[in-house]
Amino acid sequence: MSPFKHKCTLLWLLLVLLTEHARARPEQQQQQQQHAVANEPLVDKREDAHSLTAPRPDDDELATVAPTTTPAPAVAIAQGAATGVATEATHTQALATAVPATSSTSTSTTVPVPLLPAAPEQPEYLKHCFYAEEHLCKFGHDGQANEAPDALGHVSTTPESDSQSFGAQINASQGHGQSLERNANSCQCHEHPVKANSWYCCNISQMSMISSCSNISKWSNLHVRNLTVPIMDLSNPIFRSLQSLAVTDGNITKLTNAFPRHSTLKCLNISNNNISEIPLRMFKDVPHLEFFGMSRNNLSLVPHHNQNKNITVDISGNMRMLCNPLNEIINNDSFNFVNPKHSYCLYNATHEWFQSTDLVSVEQLESTKRCLTKCPVIENYGNCTCRFESIMIIQDDQSKPKCHVDCSNLGLVELPPTLPDNTFVLNITNNKITSLGDHFQTNPTYHNINRLVADNNQIASIYEFEGTKFIENFQRIYMRNNSLSKIPEYFLNNALMDTGRRIYLAGNKLQCDCNSAKTLQNWLKERSTDIPDYMEIRCRNIPQSVIELQEAKLCQSPPDWTDYIYYLIAAEVILLLALITKVSYDYWVFKTSGYLPWPASKMPKLPCDWLCES
């Protein structure tokens, strides 16, 4: 045999083997898919973890949504199943590709498939919202564009489909420009396979891809994924009849104008874009809006809405959101925030030496509204006024709103019984309060106060502050023009150890004594920084200020006979010494000359003297 004939024979044998392998491949794929269905549950793993779960469509509806490119034998079997003569292998193949063709007359037996878990119940505010599943955009809408995946998420292929795909790739560059032009002027939206009057659009680069669709006026719900138009006009007639509009996962940077007049929109979601600018009056003609999702954008403001309607808002992920305008909306409007604990806004905190910007949760910002709703109302006296003052940033990235309560000029004779939460400033100036009572010791609403303004009252003592949380945390105490009689230096010493604290006591008239001149005066001089008006503290029993007291005058006692006791003792000592001297002299004279002292010589003789002489 010649070498040429030998080579031809080898080529012919190789061609036969390849042909037999190509014929056997569909049967092998069918057996593998049957084995996969028998061992794996039919679970769709393509749904986005962040998207809302929609009701699962029926098998025949899925068949219309995601047709697959199958080998010729498999197509023939699937058609047989549609006419009621399907076999068990055919039904198994349909389940494995997640696009079965069912029939009420089919008598084939199937392998039991575990039921999918029920979808979680949606919150009440999302009852009118529509979201298309992400896999509807990932795998296309016809068999030629993107084959539908099987139960394991794999796309079925055949030699024929491989060759078609290879040919499509060869011709892709030639028709790319024509395809873009054709798609821009044709409808790129598709009706949802389950929910009526609900449409979804994927990868939209021009609004004409939506407006070119027919019967837009009959659409109730629309979900647009990956809209790359930089500016979206809300007044577009496309949105006129919608009840739910979701434009997510795109690259929009700006919204303009407002929705059409008398819009029926109930749910709006523009999350996961790059929107940084939004019309503040975009909802002026949307009276029925219930949910507005604007999470994961670059927004700094929330648009206003009608005062008489509650709207649930999701602002999470907007790291440029400002607290001051958001706080005004919380106080004036009736927004309900989704996950307020993990939604943050920027708060400008001005300190003594620097300025900083801190993140404050919406949950803490909402608590400022309670500052107004729980403001004290005192019977027979009137109402206090409350206002949100500022945000105090504390440790561990937490924040507290500072509530200012003003109960001044009401003629009160005692402190208010309760205060709003997080009351940091209490003003009770110009009242007739005589005692602080036990509020600072037992009333929890008084524990957060760090500034007490109590000027022009009749308070007689501040000993009630001893051992309280207030005296441990206060920053300012204003007690000017009251009726204090004593200043408790012993516990104020510990309270004033922290720098920056101030106590104002001017106009109080103390009961002054020698101790005031000796101790209190020196203490006030040492605490002149902590008690700035110490020179204006006066005495009620002496027409002087405490700082003017003189110890030499104030500490003198009144005259008494005991003051002369030392003179008496000195005189007695002198007389005793004189007597001793006289007696000693007389004794010396008597010894030397025998003369008795003159008093002794003049004394009459006594009876005992006769006895001595005899």
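Anything mentioned here points back to the structure above.
Being a predicted model, the structure only gives us computed values, none of them experimental.

K.L.:
It is not clear to me how helix 13 (residues 514-526) should be interpreted in this structure. Could you clarify?
P.N.:
Quick reminder: α-helices carry 3.6 residues per turn. Residues three or four places apart thus point the same way. Here helix 13 spans 18 Å end to end across 13 residues, near enough to the 18 Å set by a 1.5 Å rise per residue. Remark: the principal bend of helix 13, roughly 35°, maps to Leu 520. Residues of helix 13 that are buried include every one of Ser 516, Ala 517, Leu 520, Gln 521, Trp 523 and Leu 524, and no others. Buried positions along helix 13 lie against helix 12 (489-495), strand 21 (509-510) and helix 14 (551-554). Backbone nitrogen of Asn 515 and a side-chain oxygen of the N-cap are separated by 3.1 Å at the start of helix 13; the cap is Asp 513.

K.L.:
What is the right way to look at the state of the cysteines in this model?
P.N.:
Here, disulfide denotes a covalent bond that connects the sulfur atoms of two cysteines. The full count for this structure, using the stated rule, is 9 disulfides. Paired through a disulfide, Cys 371 and Cys 403 show a sulfur-sulfur distance of 1.8 Å. Torsion about the S-S bond of the Cys 371 and Cys 403 cystine: about 75°, corresponding to right-handed handedness. With Cys 371 in helix 9 (residues 362-373) and Cys 403 in strand 16 (residues 399-406), this residue pair connects regions lying 32 residues apart in the sequence. By the burial criterion, Cys 371 is buried, and Cys 403 matches it.

K.L.:
What's the story with the side chain of Ser 516 in this structure? I'm lost.
P.N.:
For Ser 516, the location among the structural elements is in helix 13. Look at Ser 516 and you get buried, because its relative accessible area is 5%. With sequence-adjacent residues up to four places away left out, Ser 516 is seen in contact with Gln 511, Gln 521 and Leu 549.

K.L.:
Teacher, can you tell me more about the packing of aromatic side chains here?
P.N.:
Two measures describe an aromatic ring pair: the distance that separates the ring centres and the angle between the ring planes. Per the stated rule, a full pass over the model turns up 15 aromatic pairs. Relative to Tyr 490, the ring of Tyr 463 lies with its centre 6.5 Å away and its plane at 40°, an arrangement referred to as tilted. Separated by 27 residues along the polypeptide, Tyr 463 in the loop between strand 18 (451-453) and helix 11 (469-473) and Tyr 490 in helix 12 bring together distant segments of the chain. Take Tyr 463: its relative accessible area is 33%, and that puts it in the partly exposed class. Both rings, one in Tyr 585 and one in Trp 588, keep their centres 6.3 Å apart while their planes meet at 35°; by these two values the pair is tilted. Pair noted here: Tyr 585 and Trp 588 are both in helix 15 (residues 565-593), with a separation of 3 residues, about one helical turn. For the pair Tyr 585 and Trp 588, a shared accessibility class is recorded, and that class is exposed.

K.L.:
Just checking my understanding: could you explain the sheet that holds strand 1 (residues 189-191) for this structure?
P.N.:
Sheets are built from strands paired through backbone hydrogen bonds, the pairs being either parallel or antiparallel. Judged by pairing direction, the sheet is mixed, and its 8 strands sit side by side in the order 1-2-3-5-7-8-9-10 without closing on themselves. One side of each edge strand has no neighbouring strand; the edge strands of this open sheet are strand 1 and strand 10 (335-337). On average, each strand axis in the sheet is inclined to that of its neighbour by 15°, with strand direction left out of account.

K.L.:
Would you mind showing me how to read unusual backbone geometry here?
P.N.:
What you tend to see is this: most non-glycine residues have negative phi, and most peptide bonds are trans. Residues other than glycine seldom take positive phi values, yet Asn 203 does so here, at roughly 55°. A positive phi is found at Asn 481, a non-glycine position, where the angle reads about 60°. One can find Asn 481 in the loop between strand 19 (476-478) and helix 12. Look at Asn 481 and you get partly exposed, because its relative accessible area is 41%.

K.L.:
Honestly, the pattern of salt bridges in this entry has me stumped. Any pointers?
P.N.:
When their charged atoms lie close together, side chains carrying opposite charge are able to pair. Scanning all chains against the criterion turns up 9 salt bridges. One salt bridge connects Asp 513 with Lys 486, and the closest N-O pair in it is separated by 3.9 Å. With Asp 513 in the loop between strand 21 and helix 13 and Lys 486 in the loop between strand 19 and helix 12, the pair connects residues that are 27 residues apart, well separated along the chain. Under the relative-accessibility criterion, Asp 513 is labelled partly exposed at 32%.

Quick notes on the rules
- Residues numbered from 1 in each chain as written.
- Predicted model: local features only at pLDDT ≥ 70, side-chain atom pairs only at ≥ 80, totals over all residues.
- Heavy atoms only, no water.
- Helix = DSSP H or I, 4+ residues; strand = E, 2+ residues; numbered from the N terminus.
- Expected span 1.5 Å × (residues − 1).
- Bend = angle between axes of the 7 residues up to and from the residue.
- Buried < 20%, exposed > 50% of the residue type's maximum accessible area, 1.4 Å probe, protein only.
- Contact = heavy atoms within 4.5 Å.
- Polar contact = N/O pair within 3.5 Å; in protein donor to acceptor, adjacent residues only side chain to side chain.
- Disulfide = S-S within 2.5 Å.
- Phe/Tyr/Trp six-rings, centres within 6.5 Å; stacked < 30°, edge-to-face > 60°.
- Pairing = 2+ DSSP bridges.
- Axes fitted to C-alpha atoms, helices over the stretch in contact; angles between N-to-C directions.
- Salt bridge = Lys/Arg side-chain N within 4 Å of Asp/Glu carboxyl O.

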